[in-house]
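Remarks on the overall topology
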Amino acid sequence: MRPTDIRVPDYFHKVVDCQWACPAHTPVPEYIRLIAAGRYSDAYMVNWESNVFPGILGRTCDRPCEPACRRGRVEQEPVAICRLKRVAADYKDDIRGRLPKVPAAKNGKRVALVGAGPAALTVARDLLPLGYGVVAYDQESRAGGMIRTQIPAFRLPEAVIDEETGYVLGMGLEARFGQRVESMKALLAEGYDAVFVGTGAPRGRDLEIPGRREAAAHIHIGIDWLASVSFGHIDKIGKRVVVLGGGNTAMDCCRTARRLGGEDVKVTVRSGFEEMKASPWEKEDAMHEGIPILNYLVPKVFTHDNGKLTGVTFEKVAARYDDQGRRSLLPTGEPDVHLPCDDVLVAVGQENSFPWIERDIGIDFDRHGMPVVDAATFQATLPGVFFGGDAAFGPKNIIWAVAHGHQAAISIDQFCHGDDIRRRPPAAVRLTSQKMGIHQWSYDNDIILDRRYPVPLRDKIIALKSIKVEVELGFDRKLGYAEAERCLNCDVQTVFTDKQCIECDACVDICPMDCITFTENGEEQELRSRLKAPAENGSQDLYVSDALKTGRVMVKDEDLCLHCGLCAERCPTGAWDMQKSIIQLLRAGPSCRSS
Amino acid sequence: MTYLAKPKLHHPKLPVNRLGYTRRDYEGAVSTLCAGCGHDSISAAIVQACFELDLPPHRIAKLSGIGCSSKTPTYFLGNSHGFNSVHGRMPSVLTGANLANRELIYLGVSGDGDSASIGLGQFAHSMRRGVNMTYIVENNGVYGLTKGQFSATADKGSKSKRGAVNNDSAIDLVTLAIQLGAGFVGRGFSGDKAQLVPLIKAAIEYPGAAFIDCISPCIAFNNHAGSTKSFDYVRAHNEAVNRLDFIPAGGEITMQAAPGSLSEVPMPDGSVLRLRRLSEDHDPTDRTAALNYLRQREAQGEIVTGLLYLDPEPDDLHAHLHTVPAPLNRLGDAELCPGSAALERINAALR
């Protein structure tokens, strides 16, 4: 193998698994250290820079970081990254003075945002400090988009949404709320320098099976129903409720139904339990509230009696896989199952919907009705029009919407300055030694053996009484500290200088995870098989040095490194050093412009 | 030194031996020696050897004297018996322990000062008595704890870190051990575990006095140009005479080598020492030839490593003394005090 070039910014970024997995590349270990130090406001601001909604995401994020967390590979459970984010939000001081200052002199450019959800607000947050005039349209009367309409208050209190959307609104966003944009053509005619579409995936998919029309009064589309609950238009539901669907919306629907009078609430899914789209923790939360999840049931008929819904009939299926591993659900031939109920909530998916965009103005749509959007620049086929969030590539989640927003803001800023929007400067990485003394490091390198701490919950009886009572209490400061200490500080990198190495084996002997081997060089696959511990996780890189004095090379498998720094402590020559890698992320502004 | 304990977490696929232990279960406290000390590598090799031999940690006794090397038993085999004796007196304490309980596995850990200076006499007598043990000298040619004076194993003409030249002759513990009657004599290098681990395994299984001189560079005081015990010097002058493979009793022989260069030495317990000769002139089972060979190579400035001498018919102190097979510490009053009738008989026989 060729020696690893650690100057390539992605090399060490990938070692920070959580940050690499986060669409917005939040520097997770950095803010977790700040939480451990009790510097909650600082931890909050590190988050805010990256993901704009730490308090919201600390309760609702889809957490791509946690399955990636190295801790999950070296023991069992990842660090509770998401809920630590909430700790930062819960215990911070007033941070309003630390938000970016918006210049009084504007740059004369005006940008329209269609929708005021997470993607659009991220664009506003990035462009307002640059002096842009930003106008946001939303059909609802308040900002937040799906954050406000689709996430029930028992998971995310309204005050948190108000606070964090308020930070962006307070930067001088011109809000035209309660105004639905009915024509893109008309909007473009208003002469904006750029338009960003962040309208989400606002249409819940329906289920056209027999009985749908007859029993319509008691069959609700999940996201519409959640929005109505959120705005107080609906405050009760029948005692027996069947929720159709296996995504996170289905989980929100069933748990909301439990709080509005549903006593016998069931979730049914077509697939197997394991393949459900809902996050594992959301399934757990639903089951914890006494909601069974029944799998391999395909809805066949809504049964009704003179227009009154009486239940749903399901066909039982089983999963079969063909040679290529493709799954099909085939009827088992067992008798159909009938679940009697008073109401049905349909949460079988969401769709985009752009009836307001004229098809003859240069914005191309594909055959699925989705806009043709560049995956890197987020620009549509009409220059100056950008899409982001669920509106760009279909339903994902908040953190993806934020990531899209940041990228779209860069494009918009470049576009408004006449730059080539496809040109992105490379991300920079800065390495700083953490050595303070012979055996002192500026990070806590002791490895705590504590297992993941569960987040304290409110008593179930109280929690199920009201839609407004937040179920999770969040970590208190003490638990937050204990959980923060589980973080392995993967951003403090093991940096090897081959010129210094005398091949004394001290690092090999001390490494608790057998990561380090001195051996003859070879091809990667072959090399992986003959390390001190075989490097079987191909998704994790090998760090290979140049040839050493004996002709061997140092090979470090990054996979299970605890970042404990013992290799550097035992190294007599300083060939190993622990250096913090700071990935400098791109943000809209002069650093991304050519002039 | 390191202030942190080595984290308990280990590689999820760390192998387990026949006793259900991982290698990590044979470790001790975290080392307080200087970073990069060769002694730590020897500790790691001992850990690896005991793990691979499936030794029950509570059946091992590790004894040492005074010095950097003699501190190391704290850093391996944390669940074994240990004794830090007086400077240079490890061999007699070990001999006593071995006499009292012949069933334990004895590991004597010493250094060049402990064994070649203050304890030279003790070393000599334990060798000639054939105490069943593995005696490892962690040899760095320097007094590290007192800031780098030459030890008795420092080569004549080698230079100290401050530039002083050593004018005294070096004591070669390997030659001494062979002359004094040790049944198993080898030399290793802390920087080559592939050679050292099988050597330690074979020494532990050898039922007699087994001696290993292990060159172990002192990073702080003896790893400079002019030293003959530095990493660079040892690597440049290392002359391995053989590669050793220890095959436990009933174990499968998997190693393949060119015929003619292989020799197998069966051990009394059914295990086999398999030697792949790298030098055709060296016969490890011939004491005189081995001594001659060592002299020749060393005269040419080579550091000869590997299994240097092996007595294929081992015996030990207990055999010399005709002791009973049961450990002496387990003999009760009935065995030790045969009664006045027996005393009468003995007295009568002497009249």
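Because the structure is predicted, anything quoted here is derived from the model rather than measured. (Residues numbered from 1 in each chain as written. Chains lettered and ligands numbered in written order. Predicted model: local features only at pLDDT ≥ 70, side-chain atom pairs only at ≥ 80, totals over all residues.)

With that settled, the discussion passes to the overall build of chain B. Scanning chain B for helices and strands turns up 12 helices and 13 strands. A compact globule built from 351 residues should have a C-alpha radius of gyration of about 20 Å, and chain B, at 21 Å, falls within 12% of that. Along the first, second and third principal axes, the C-alpha set of chain B runs to 75 × 50 × 50 Å. Restricting to contacts in chain B with at least 6 residues of sequence separation, those with at least 24 account for 71%. (Helix = DSSP H or I, 4+ residues; strand = E, 2+ residues; numbered from the N terminus. Rg over C-alpha atoms; globule rule 2.2 N^0.38 Å. Contact = placed C-beta atoms within 7 Å.)

This paragraph deals with the overall build of chain A. Per the secondary structure count, chain A includes 22 helices and 24 strands. Since a compact globule built from 595 residues should have a radius of gyration of about 25 Å, the 26 Å found for chain A is in line with a globular shape. Partitioning the contacts of chain A with sequence separation of at least 6, the portion at a separation of at least 24 is 73%.

Here we come to the nonpolar core. Residue and element names in this part refer to chain A. Membership of the largest hydrophobic core comes to 219 residues, with the highest contact counts inside it found for I35, L113, A124, L127, F196 and I412. Here the element with the most residues in this core is helix α17 (residues 398-416); it accounts for 12 residues. If we ignore the near neighbours within four places in the chain, the residues touching A124 are L113, V134, A136, V168 and L173. Of all hydrophobic cores here, the second largest spans 35 residues; its members include V229, I237, L244 and V269. (Core = buried A, V, L, I, M, F, W, Y, C linked by C-beta atoms within 7 Å. Buried ≥ 20, exposed ≤ 12 C-beta atoms within 10 Å, placed from the backbone.)

Right, let's get into unusual backbone geometry. Residue and element names in this part refer to chain B. In this structure, D54 takes a positive phi of about 55 degrees despite not being glycine. With respect to the helices, strands and loops of the structure, D54 is situated in the loop between α1 (38-52) and β1 (60-64). One non-glycine residue, H322, lies in positive phi territory at about 55 degrees. Mapped onto the elements, H322 comes out in the loop between α10 (317-321) and α11 (333-336). With 6 C-beta atoms counted inside 10 Å, the residue H322 sits in the exposed group.

This part takes up the sheet that holds strand β7 (residues 240-244) of chain A. Residues and elements named next belong to chain A. Strand order in the open sheet made by the five strands is β6-β14-β7-β8-β9, with parallel pairing throughout. The strands lining the two open edges of the sheet, one partner per strand, are β6 (219-221) and β9 (293-294). Pairing geometry for strand β8 (residues 264-268) and β9, over two bridges, is parallel. Counterpart to V267 in the pairing with β9 is I293. Contacts between helix α13 (residues 222-230) and the sheet are confined to β6 and β14 (343-346), with β6 contributing the most and set at about 85 degrees to the helix. (Pairing = 2+ DSSP bridges. Axes fitted to C-alpha atoms, helices over the stretch in contact; angles between N-to-C directions.)

With that out of the way, let us pick up the interface of chain A and chain B. As a measure of interface size, the accessible area lost when the parts come together is often cited. On the chain B side, the residues contacting the 27 residues of chain A number 21 residues. Listing elements by their share of the side of chain A that touches chain B, those giving two or more residues are α20 (506-510) and α22 (566-570) of chain A. For the side of chain A that touches chain B, the class distribution of residues is 16 nonpolar, three polar and eight charged. (Nonpolar A, V, L, I, M, F, W, Y, C, P; charged D, E, K, R; others polar.)

For the rest of this paragraph, the subject is the domain arrangement of chain A. Residues and elements named next belong to chain A. On domain assignment, one finds that chain A holds domain 1 (9-97 + 435-484), domain 2 (101-202 + 352-416), domain 3 (204-350) and domain 4 (492-584). Its C-alpha centre places domain 2 at a distance of 31 Å from the equivalent point of domain 3. Taken residue by residue, the interface counts eight residues in domain 2 and 11 residues in domain 3. For the side of domain 2 that touches domain 3, the per-class residue count stands at five nonpolar, two polar and one charged. (Domains from an automatic or database assignment.)

Here we come to the confidence of the model for chain B. Close inspection of predicted coordinates is inappropriate in any region flagged by low pLDDT. Residue and element names in this part refer to chain B. When the pLDDT values of chain B are averaged, the result is 92; 96% of them are 70 or greater. Every residue in residues 255-260 scores below 50 in pLDDT, and together they form four contacts with partners more than four places removed in sequence or on other chains. Here the prediction assigns the complex a pTM of 0.90, and the interface score ipTM is 0.90. (pLDDT = per-residue confidence, 0-100.)

Let's shift gears to the sheet that holds strand β20 (residues 492-496) of chain A. Residue and element names in this part refer to chain A. Pairing is antiparallel in the open sheet, where three strands are placed in the order β17-β24-β20. Either end of the sheet is taken by a strand with one partner, and the two such strands are β17 (428-433) and β20. Each strand of the sheet is rotated relative to its neighbour by a mean of 45 degrees, with strand direction disregarded. Note that β17 and strand β24 (residues 576-584) share six bridges and pair antiparallel. When the sheet's bridge partners are listed, L431 is paired in β24 with S581.

Here A:G170 shows up in the loop between α11 (158-169) and β3 (174-177). With 71 residues separating them in the primary sequence, A:G170 and A:L99 have C-alpha atoms 9.8 Å apart.

This part is about the packing of helix α3 (residues 90-100) of chain B against helix α5 (residues 120-129) of chain B. Residue and element names in this part refer to chain B. As a packed pair, α3 and α5 sit with axes 8 Å apart at the nearest point and diverge in direction by 35 degrees. Only Q122, F123, H125, S126 and R129 of α5 make contact with α3, whose side of the interface consists of P91, S92, L94 and T95. Broken down by class, the residue content of the contact of α3 with α5 amounts to three nonpolar, five polar and one charged.

Residue and element names in this part refer to chain A. Close contact between helix α8 (residues 81-91) and helix α19 (residues 477-484) brings their axes to 10 Å; oriented N to C, the two are set at 140 degrees. In this structure, α8 meets α19 at a crossing whose hand is left-handed. On the side of α8, the interface is formed by L84, V87 and Y91, while α19 contributes R477, G480, E483 and A484. (Left-handed = near helix turned anticlockwise from the far one by under 90°.)

All names here are of chain A. Within helix α9 (residues 118-127), 10 of the 10 residues are buried, which leaves it mostly tucked inside the rest of the structure. For α9, the set of buried residues is P118, A119, A120, L121, T122, V123, A124, R125, D126 and L127. Its buried side turned inward, α9 meets β1 (110-114), β2 (133-138), α10 (146-149), α11, β4 (194-197) and α17.

Right, let's get into helix α6 (residues 173-180) of chain B. Taken as a whole, α6(B) has its buried residues at B:L173, B:V174, B:A177 and B:I178. In a view along the axis of α6(B), the buried residues occupy a sector of 135 degrees, so they form one face of it. (Arc of directions from axis to C-beta.)

Moving on to the pairing of β20(A). Residues and elements named next belong to chain A. Burial within β20 is extensive, with four of its five residues counted as buried. Here β20 runs beside β24; their pairing, made up of five bridges, is antiparallel. Residue pairing across strands places F496 opposite W576, the latter belonging to β24.

This part covers the environment of B:L321. Considering the arrangement of structural elements, one finds B:L321 in helix α10. A C-alpha to C-alpha distance of 9.8 Å links B:L321 and B:L99, two positions 222 residues apart in sequence.

All names here are of chain B. As for its placement among the helices and strands, V241 is situated in the loop between β9 (238-240) and β10 (242-247). A count of 25 C-beta atoms within 10 Å places V241 in the buried class. C-alpha separation for the pair V241 and L343, spaced 102 residues apart in sequence, amounts to 56 Å. Excluding residues that lie within four positions of it along the chain, V241 makes contacts with L278, S279, H282, V304, G306 and L308.

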